[in-house]
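Tertiary structure, described
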Amino acid sequence: MCPQDTFHHHWREGNLASGARCQLCRRSCGSSDVLAGMRCEWCGVTCHAACYLRVAPQCTLGRLRRMLLHPSCVRLQSRNFSKHHCFRITETGGHELDDCDGVDTSALASKDGQPATPEHGKQFLKVYDGDDGLRRGHFRLVSIVRATRNQEVLEAALRAFYLPDDPQHFQLQEVGGLERLHSDDVLNRNSGSLKDGGDAWMLRAKRGNAEVIKVYGGVTSPRSDHVSVSVSEDSTAASVLTEALEQLELNKDGVTQFDLQEVLMSSKQVQKQTLTPQQNILAKLHDIRKTSLWQMNQTRFYVAERRSQTVQVSLLIGGMPPLLSKEQYWKLVQEQLSAKSHLADISHVYASQGAVALKLSCFAEAERVFMLAKDVTINDKSLTSLVIPDIQLSLLGDDVRPLLVFVNTKSGGLKGKDLLYAFRKILNPHQVFDLSNGGPLPGLHTFRDIPSFRVLVCGGDGTVGWVLGVLEALRHQLACREPPVGIVPLGTGNDLSRVLRWGPGYSGEDPSHILACVDEADEVLMDRWTILLDAQDLAENCADAILEAPKIVHMNNYFGVGIDAELSLDFHQAREDDPEKFTSRFHNKGVYVKVGLQKISATRSLHRELQLHVDGRQVALPNIEGLIFLNIPSWGSGADLWGSDADTRYNKQSVDDGLLEVVGVTGVVHMGQVQSGLRSGIRIAQGTYMRIALRKAFPVQVDGEPWLQPPGHIIISAAGPKVRMLRKSKHKHRKSAGGAKDGHPESSASSAGVPL
């Protein structure tokens, strides 16, 4: 049976929208005032707290099921790696979550760094949740008023550690003498003060002779996600496992095929420990609670099927010199990282990207190589290392076409980071990649064997071109050679996004709505062009002296020579000098206008310093200051430079006709008129092969990326096969009925990851 058929709802209480409706009774179950109702973090189904138990346990993952990388398909052996490493989260200089679990720093100190002064009639108590917190000095401050009763102190302490248990099962002990708290008046019997740190208390669970624990079946159970098992002083891991297997309706005679596994889901790591059959469960629970009550709250017990799997950790090492052979890369890995040949091997080589994928059969060796790579530089370039998951293709549904998401967190101010966090919550985090952490290669390597997938790029036109370029370089190493690409516009111009109907820029749309639109988008073809830049001195008294090595770039939107490229170059240099100011499209366009006004009276006579040949025929140029080659009908943040007037000399402009349109502009004023819609550019030619001869250096730009090009030849030709893009449908995306039967609730899916 496919694990997707038996995946269960993951219910979470509260935080429902005010308009949420119960899946069972169809009545309102949301509230903006209190925590009310239940919501499945996978499919988004909402229910009343009294209704959700009657909902079928199977979860179909909801509206976005077809684009979600199902968690059962992901395998990641990561015993020695933190969650930051496993999910490729860039670590910052701030404290880790675990370091903040034991102390409420907001209540500990005031703004000037001095201990916070309690309100009149109140006092702070230091409360530890176990021996581990006491050893590390991690506590929570509990504010109580005078004449506080024992029950109220316990409730406040439990709230401080987010423990929802019954206060009757807990007690407070004074640190030091460990005297139990019996007095009803706490403040009158405590002599401590804030100056010497206040009173310190230990929150303890009362020891019992029996209790009930939950045992989870994960994807192995066809009936329920967990069962309740009673444990006593004589209960062992073997007896608990036998009863759990019976309730989960798994093979009761095959106890030897399963283990009882303790799983701690901390903020840094998911730690797993297989319990021995003779281990006393009640004693185990007491030991965990004695160490940390918070840790006990984060601990689950799972039925885990025994598998004779060999250790296989996948690392992607980047930053090496490009275009080397596999043997040369392996020599570098051995020299720089001291990799052991009997524990490591190169599984994939990406020579164009200067990267290799390593398979390591030892956790300790994988961790050593991973950490060492971060401190190694080759040719003044630092190496990068990333932990990469493996996708189990046999568990991927036939109708599933997962979405690979790339986010440029440096685009759009902070909107890129917001989208990264939102998509990681809605989709599987292993299908959402931060381009600032290794570029597009980690995502494409992860999806390399998936026969059909789509790509969503969140960034500007330059980011889209970057991803398309890497896709072209790796297409022969991918099972899906031409995945269609959609766009969330985070740049300044976003011309390609405008043409494909994704809009002029991201303005805070609901990420779930964006994903629904991507799911229903249409596939279209688009031309890509190769530009050969051959810098030579073309002066009459020089015999074609070579100024620099030829280089090749790819163009998706447009290529400009002259005044428009000069404005882009000045803007680019201003942004490089003070990048903190360029965080909004409105400010960027303001700077662009200011740069244009400074160039309004300049003359350059471009037509005298440039020769143009289109399809082997020389074209006479009018008196212009800028020459632009268009692949799409949008330029300079949405302007129609080619124009919509019918002309029998030219074909209608299209993104997939295999033709480039050549347009001229007479100066900054003409460009401003085009931007305002008052005029269009000067139509010069239309063709498939362009050759330009520059007699002097001129600013040029490709898709908004400018530089100063020395004199020489520039050749523009078609770049292989057309690329597949996603164009947003004109119709509003379809809303599903929201029933449990079809698995398409009105709410979006949320929070996906790797199952335990």
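Note that this is a predicted model, so its numbers are computed, not measured. (Residues numbered from 1 in each chain as written. Predicted model: local features only at pLDDT ≥ 70, side-chain atom pairs only at ≥ 80, totals over all residues. Heavy atoms only, no water.)

Attention shifts here to the overall build of the protein chain. When helices and strands are counted, the protein chain shows 19 helices and 39 strands. Counting the 756 residues in the protein chain, one finds 51% classified as buried. Counting only contacts in the protein chain whose residues sit at least 6 apart along the sequence, the fraction spanning at least 24 positions is 72%. (Helix = DSSP H or I, 4+ residues; strand = E, 2+ residues; numbered from the N terminus. Buried < 20%, exposed > 50% of the residue type's maximum accessible area, 1.4 Å probe, protein only. Contact = heavy atoms within 4.5 Å.)

One ladder, built from seven bridges, connects strand β9 (residues 210-216) with strand β10 (residues 226-232); its direction is antiparallel. The residue of β10 that forms the bridge with V212 is S230. The pairing of β9 with strand β13 (residues 299-305) spans two bridges and is classified as parallel. Within β13, the position partnered with V215 by the bridge is F301. (Pairing = 2+ DSSP bridges.)

Another point: unusual backbone geometry. Its identity is not glycine, yet R26 carries a phi of approximately 65 degrees, on the positive side. Here R26 lies in the loop between β1 (11-13) and β2 (38-40). Of note in the backbone geometry, D615 takes a positive phi value of approximately 55 degrees without being a glycine. Within the secondary structure layout, D615 lies in the loop between β30 (610-614) and β31 (617-619).

What follows covers helix α12 (residues 415-426). Quick reminder: α-helices carry 3.6 residues per turn. Residues three or four places apart thus point the same way. End to end, α12 covers 16 Å across 12 residues, agreeing with the expected 16 Å (1.5 Å per residue, within 8%). Looking only at α12, the buried set comprises G416, L419, L420, A422, F423, R424 and I426. Here the buried face of α12 lies against β21 (403-407), β22 (432-434), β23 (454-459), β24 (485-489) and α16 (511-519). (Expected span 1.5 Å × (residues − 1).)

It is worth spelling out the sheet that holds strand β34 (residues 682-687) at this point. As summarised here, the arrangement of the six strands in space is β34-β33-β32-β29-β36-β37, forming an open sheet in which the pairing is antiparallel. Looking at strand neighbours, the two that pair on one side only are β34 and β37 (705-709), the edges of this open sheet. The sheet shows a mean angle of 20 degrees between the axes of neighbouring strands, taken without regard to direction. With five bridges joining them, strand β32 (residues 626-630) and strand β33 (residues 660-665) adopt antiparallel strand pairing. Bridge pairing links L630 to E661 in β33. (Axes fitted to C-alpha atoms, helices over the stretch in contact; angles between N-to-C directions.)

Scanning the entire structure with this criterion turns up seven aromatic pairs. On the numbers, 6.3 Å between centres and 50 degrees between planes, the contact of F406 with F433 is tilted. A residue pair is termed long-range when its members are at least 10 positions apart, and F406 in strand β21 and F433 in strand β22 qualify at 27 residues. For the residue pair F406 and F433, the accessibility class agrees, reading buried in each case. Considering the side-chain rings of W642 and Y650, the 5.2 Å spacing of their centres and the 75 degrees angle between planes classify their relative orientation as edge-to-face. Just as W642 is buried, Y650 falls in that class too. One Lys or Arg, R300, reaches over the ring of Y216 and ends 4.2 Å from the middle of that ring. (Phe/Tyr/Trp six-rings, centres within 6.5 Å; stacked < 30°, edge-to-face > 60°. Lys NZ or Arg CZ within 6 Å of the ring centre and 35° of its normal.)

Now for the pattern of salt bridges. Evaluation of the coordinates by the stated rule reveals 21 salt bridges. Between K359 and D390 there is a salt bridge, and its shortest N-O distance comes to 3.2 Å. Here K359, found in strand β16 (residues 355-360), pairs with D390, found in strand β20 (residues 390-391); they are 31 residues apart in sequence, far enough to count as distant. Each member of the pair K359 and D390 is classed as buried. (Salt bridge = Lys/Arg side-chain N within 4 Å of Asp/Glu carboxyl O.)

Turning our attention to the packing of α12 against α16. Between α12 and α16, whose axes approach to 10 Å, the crossing angle comes to 70 degrees. When the axes of α12 and α16 are compared, the pair comes out roughly perpendicular. In this structure, the crossing between α12 and α16 has a hand that is right-handed. Two secondary-structure elements touch here, α12 through L419, A422, F423 and I426 and α16 through P511, S512, I514 and L515. Residue composition of the contact of α12 with α16, by class: seven nonpolar, one polar and no charged. (Parallel < 35°, antiparallel > 145°, perpendicular 65-115°, else oblique. Left-handed = near helix turned anticlockwise from the far one by under 90°. Nonpolar A, V, L, I, M, F, W, Y, C, P; charged D, E, K, R; others polar.)

All right, on to the sheet that holds β10 then. One open sheet holds the five strands; their spatial order is β10-β9-β13-β11-β12, and the pairing between them is mixed. Two strands in the sheet have a free side with no partner beyond their single neighbour: β10 and β12 (270-274). Each strand of the sheet is rotated relative to its neighbour by a mean of 35 degrees, with strand direction disregarded. Sitting on the sheet, helix α7 (residues 237-247) touches β9, β10, β11 (258-265) and β13, and the angle it makes with β10 is about 145 degrees. Strands in contact with helix α8 (residues 281-291) are β9, β10, β11, β12 and β13; relative to β9, the strand with the most contacts, it is inclined by about 90 degrees.

For the rest of this paragraph, the subject is the state of the cysteines. Throughout the structure, instances matching the rule amount to zero disulfides. Summary of cysteine pairing: C40 is not part of a disulfide, and the nearest cysteine sulfur, belonging to C43, is at 3.7 Å. On the accessibility criterion, C40 (0% relative accessible area) is buried. (Disulfide = S-S within 2.5 Å.)

A separate point is the environment of A200. When you line up the elements, A200 lands in strand β8 (residues 199-205). As for A200 and F124, which are separated by 76 residues in sequence, their C-alpha atoms are 9.5 Å apart. Excluding residues that lie within four positions of it along the chain, A200 makes contacts with K126, Y128, E174 and V175.

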